[in-house]
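# Close look at the chain arrangement
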Amino acid sequence: MAGLILVFLITTFDVDLSDTWGQIKQSSPWYYLLAFLVHYSTFPVRGLRWSIIISNAKLDAKTRSRARSAIECTYAIFIGWFVSTISWFRLGDPYRAFILSRTLGVSFSGIFGTIIADRIIDVVSVFLLLLLGGFI
C-alpha cells in the first residue's frame, strides 16, 4: 500500500528523484543516528510517566510495584507503537491498553483512561514547548 502511495505521489507531482537522492547523499548519517537514539530513549521515560499515572489512578494497588510496572509500561508502549505502524486507524493505543490490562489484571477501560490522560499531557506539553519556542 505504501508503495502505491509513493507511486501516486511521484507520478502526480513533479518530483525530481535525482535531486532527492542528491539531498539524501549530502545529509549526515550522524544526525539520523542521533534522531534515532533520542526518539527511542524517550520510550522508557514515557513508560515511567505512564506507570506514575496508573499509580495515581490507583489501578495498580493490588499488583506489583511501580518499578516493575514501569518496565511493563515501556514494553507496552513499544508494542503499541509497532502495532500503530502496521495497522489501520492507529490501533496501538487500544492494543497497549489491552496488553497492560491483561498483565496487571485490571480493567481495560481504566487503563485506556490513563492512556487518554497520557495523551492529554503530551498535547499540553507540546503546546507549551511551542509557545516557549515562539517566544524565544
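This text goes with the structure placed above it.
All values derive from a computational prediction rather than experimental measurement. (Residues numbered from 1 in each chain as written. Predicted model: local features only at pLDDT ≥ 70, side-chain atom pairs only at ≥ 80, totals over all residues. Heavy atoms only, no water.)

## Some points on the overall build of the protein chain
Where we set the bar: Secondary structure follows DSSP: runs of H or I at least 4 residues long count as helices, runs of E at least 2 residues long count as strands, and numbering of each begins at the N terminus. Every radius of gyration here is taken over C-alpha atoms, with the globule rule written as 2.2 Å times N^0.38, N being the number of residues. Each residue gets one of three labels from its accessible area relative to the maximum for its type: buried under 20%, exposed over 50%, partly exposed in between, using a 1.4 Å probe on protein chains only. Per-residue accessibility takes into account occlusion by the displayed protein chains alone, with areas from the Shrake-Rupley method and a 1.4 Å probe. Note on charges: Lys and Arg go in the positive column, Asp and Glu in the negative column, and His and the chain ends are not counted at all. Taken as the charge centre is NZ of Lys, CZ of Arg, CG of Asp or CD of Glu, depending on the residue.
Counting secondary structure elements, the protein chain contains six helices and zero strands. Starting at the N terminus and ending at the C terminus, the protein chain contains elements arranged as α-α-α-α-α-α. In terms of overall dimensions, the protein chain is more spread out than a globule: its C-alpha atoms have a radius of gyration of 19 Å, far above the 14 Å expected for 136 residues. Principal-axis analysis of the C-alpha atoms places the extent of the protein chain at approximately 60 × 40 × 25 Å. A burial count over the protein chain gives 25% of its 136 residues as buried. Per element, the accessible surface of the protein chain, about 9,800 Å² overall, is 73% carbon and sulfur. A gap of 15 Å separates the mean positions of the 12 positive and 8 negative side-chain charges of the protein chain.

## Section: helix α6 (residues 108-135)
Because each turn of an α-helix spans 3.6 residues, side chains separated by three or four positions in sequence point in the same direction. Quick note on the threshold: Under the convention used throughout, the expected extent of a helix is 1.5 Å for every residue step, that is, one less than its residue count. The contact criterion used throughout is that any non-hydrogen atoms of two residues lie within 4.5 Å.
With 28 residues, α6 extends 41 Å between its outermost C-alpha atoms, agreeing within 8% with the 40 Å of an ideal straight helix rising 1.5 Å per residue. Of the residues making up α6, those classed as buried are I111, T114, I115, D118 and D122. Among the structural elements, α3 (29-56) and α5 (92-104) are those in contact with the buried residues of α6.

## Here we look at the packing of α3 against α6
Selection rule: Simply put, an axis is a line fit to the C-alpha atoms, just over the touching stretch for a helix, and the angle between two N-to-C directions goes from 0 to 180 degrees. Under this scheme an angle from 65 to 115 degrees is roughly perpendicular, one under 35 degrees roughly parallel, and one over 145 degrees roughly antiparallel; angles in between are oblique. Here is the rule for handedness: rotate from the far helix to the near one, and if that takes an anticlockwise turn smaller than a right angle the crossing is left-handed, while a clockwise turn gives right-handed. Note on residue classes: Ala, Val, Leu, Ile, Met, Phe, Trp, Tyr, Cys and Pro are nonpolar, Asp, Glu, Lys and Arg are charged, and everything else, Gly too, is polar.
Remark: α3 packs on α6, axes separated minimally by 10 Å, with the N-to-C direction vectors making an angle of 125°. Overall, the two elements α3 and α6 adopt an arrangement that is oblique. The handedness of the crossing between α3 and α6 comes out as right-handed. Taking contact as the criterion, the partners of R46, R49, W50, I53 and I54 in α3 are, on α6, I111, T114, I115, A117, D118, R119, I121 and D122. For the contact of α3 with α6, the per-class residue count stands at seven nonpolar, one polar and five charged.

## Focus on the packing of α5 against α6
Where α5 meets α6, the axes come as close as 8 Å, and the angle between the chain directions of the two elements is 130°. Judged by the inter-axis angle, α5 sits oblique to α6. Crossing handedness for the pair α5 and α6: right-handed. Residues D93, P94, R96, A97, F98, L100, S101 and L104 of α5 lie in contact with α6, whose contacting residues are F108, I111, F112, I115, D118 and R119.

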